[in-house]
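The chain contents come next:
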Amino acid sequence: MTGIDSSVTPSLSESTSQAVNHDVNHPYFLHSSDAPGMTLVTSPFDGRGFPGWRRSILIALSAKNKLAFINGICDEPALDSKDHAQWSRFGQSNGAKLYHLQKEVAKTVQGNSSIAAYLTTLKKLWDELDSLNSHLGCTCTCVCEGKKKVAKFLEDQRVIQFLMGLNDVYAHARGNILMMSPLPNMDHAYSILLQDES
C-alpha cells in the first residue's frame, strides 16, 4: 500500500479528457505566430491596385482562418455565452496601433501636398482611429445633448489639428478660421482654405 487513495486520484485518461479542447479550426483560435500588428501582406494599400491588394488580404485572412470576422459570418455571441469573452478580444483596440496612429496624426503636415491631399491623409488616419475606438459609441437616449457636445469637441480638435499642419502661407486664412466662434466644422474650414489656395 503506497498511501495514495486510487478513488481520489484521477487516471491519466480522465485528466486528459477534462483538459480544455482547443479547436485550431475555430476563428477564435490564435496561433502562437499570430500577433497584433503582424504583416499580412508585403505592402500596405497605397491607393493603387486595389483588386490585387484585396485578393492578397483575403488570401492571408483565409489562411489564418479569420475571414469570418470581416465577411459577417462571425457574429457577436450572446453576452452570457461562453464564447463571448474570446470574441470580445478581437474587438478591443490595440495599444501599439493606437499609439502609432496618434503619433502619425501628430506629425502629419501639409508639406508639398495640396490642401486636398493633406486633408485626405489626415482623414485616413482619423478613420483608422475611429475604427479602433468604435466601442466608445454611445447608444443611450440623452436629454442633456452630451453626445452633441462631445461630437463638437472632437470635430473642433480635428479642425485644429488640420490647421496646425498647414503651411505658413495659409496663416491669414488659418487666423480667420480660428477667430470664428464657434469654430466651423471641417467642411466649412476646408472650403475657406480651398478658396484661399485657388
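Use the structure listed above.
Quick summary incoming for the structure in this document. (Residues numbered from 1 in each chain as written. Predicted model: local features only at pLDDT ≥ 70, side-chain atom pairs only at ≥ 80, totals over all residues. Heavy atoms only, no water.)

1. Focus: the overall build of the chain
Looking only at helices and strands, one finds 8 helices and 0 strands in the chain. Ordering the α and β elements of the chain from the N terminus gives α-α-α-α-α-α-α-α. For the chain, the proportion of contacts with a sequence separation of at least 24, taken over those separated by at least 6, is 62%. Surface exposure of the chain reaches about 14500 Å², of which carbon and sulfur atoms provide 57%. (Helix = DSSP H or I, 4+ residues; strand = E, 2+ residues; numbered from the N terminus. Contact = heavy atoms within 4.5 Å. Areas by Shrake-Rupley, 256 points an atom, 1.4 Å probe, with all protein chains shown as cover.)

2. Describing the pattern of salt bridges
For side chains of opposite charge, pairing can occur when their charged atoms come near one another. On inspection of all chains with the given rule, the structure shows 5 salt bridges. Between Glu104 and Lys107 there is a salt bridge, with the nearest N and O atoms lying 3.3 Å from each other. One end of the pair is Glu104 and the other is Lys107, both in helix H4 (residues 95-107) and 3 residues apart, which spans about a single turn. With a relative accessible area of 23%, Glu104 lands in the partly exposed category. (Salt bridge = Lys/Arg side-chain N within 4 Å of Asp/Glu carboxyl O. Buried < 20%, exposed > 50% of the residue type's maximum accessible area, 1.4 Å probe, protein only.)

3. What to know about a nonpolar patch on the surface
A surface patch of nonpolar side chains, about 300 Å² in accessible area, is lined by Val150, Phe153 and Leu154. Among the secondary structure elements, Val150 is positioned in helix H6 (residues 146-164). (Patch = residues over 30% accessible without salt bridge, like charges linked within 9 Å, V, L, I, M, F, W, Y side chains within 5 Å.)

4. Describing the nonpolar core
Counting 21 residues, the largest nonpolar core has Trp126, Phe162, Leu163, Leu166 and Leu193 as the members making the most contacts within it. Breaking this core down by element, the ones donating at least two residues are H4, helix H5 (115-132), H6, helix H7 (171-179) and helix H8 (186-197). Those residues in contact with Leu193 that sit more than four places away from it in its chain are Ile115, Phe162, Leu163, Leu166, Tyr170, Ala173 and Ile177. (Core = buried A, V, L, I, M, F, W, Y, C linked by side-chain atoms within 4.5 Å.)

5. Quick word on the packing of aromatic side chains
On inspection of all chains with the given rule, the structure shows 2 aromatic pairs. With a centroid separation of 6.0 Å and an interplanar angle of 35°, the aromatic rings of Phe50 and Trp53 are classed as tilted. With Phe50 and Trp53 both in helix H2 (residues 50-63) and 3 residues apart, the pair spans about one turn of that helix. (Phe/Tyr/Trp six-rings, centres within 6.5 Å; stacked < 30°, edge-to-face > 60°.)

6. Digging into the packing of H6 against H8
As a packed pair, H6 and H8 sit with axes 10 Å apart at the nearest point and diverge in direction by 20°. Looking at the two axes, H6 sits roughly parallel to H8. Both H6 and H8 take part in a crossing whose hand is right-handed. Contact residues: Glu155, Arg158, Val159, Phe162 and Leu163 in H6; Met186, Ala189, Tyr190 and Leu193 in H8. (Axes fitted to C-alpha atoms, helices over the stretch in contact; angles between N-to-C directions. Parallel < 35°, antiparallel > 145°, perpendicular 65-115°, else oblique. Left-handed = near helix turned anticlockwise from the far one by under 90°.)

7. Here's the deal with the side chain of Arg174
Considering the arrangement of structural elements, one finds Arg174 in helix H7. Each residue touching Arg174, except ones within four places of it in the same chain, is listed here: Leu163, Met164, Leu166, Asn167 and Asp168.

8. Some thoughts on the packing of H4 against H5
Describing two packed helices takes the angle between their axes plus the distance from one axis to the other. Direction vectors running N to C along H4 and H5 enclose 155°, while the axes themselves pass 10 Å from each other. With respect to H5, the element H4 is oriented roughly antiparallel. Like other packed secondary-structure pairs, H4 and H5 cross with a definite hand, here left-handed. Note on element contacts: H5 touches H4 through Leu122, Leu125, Trp126, Glu128, Leu129 and Leu132, opposite Lys97, Leu98, Leu101, Gln102, Glu104 and Val105. Of the residues assigned to the contact of H4 with H5, the class counts are 8 nonpolar, 1 polar and 3 charged. (Nonpolar A, V, L, I, M, F, W, Y, C, P; charged D, E, K, R; others polar.)

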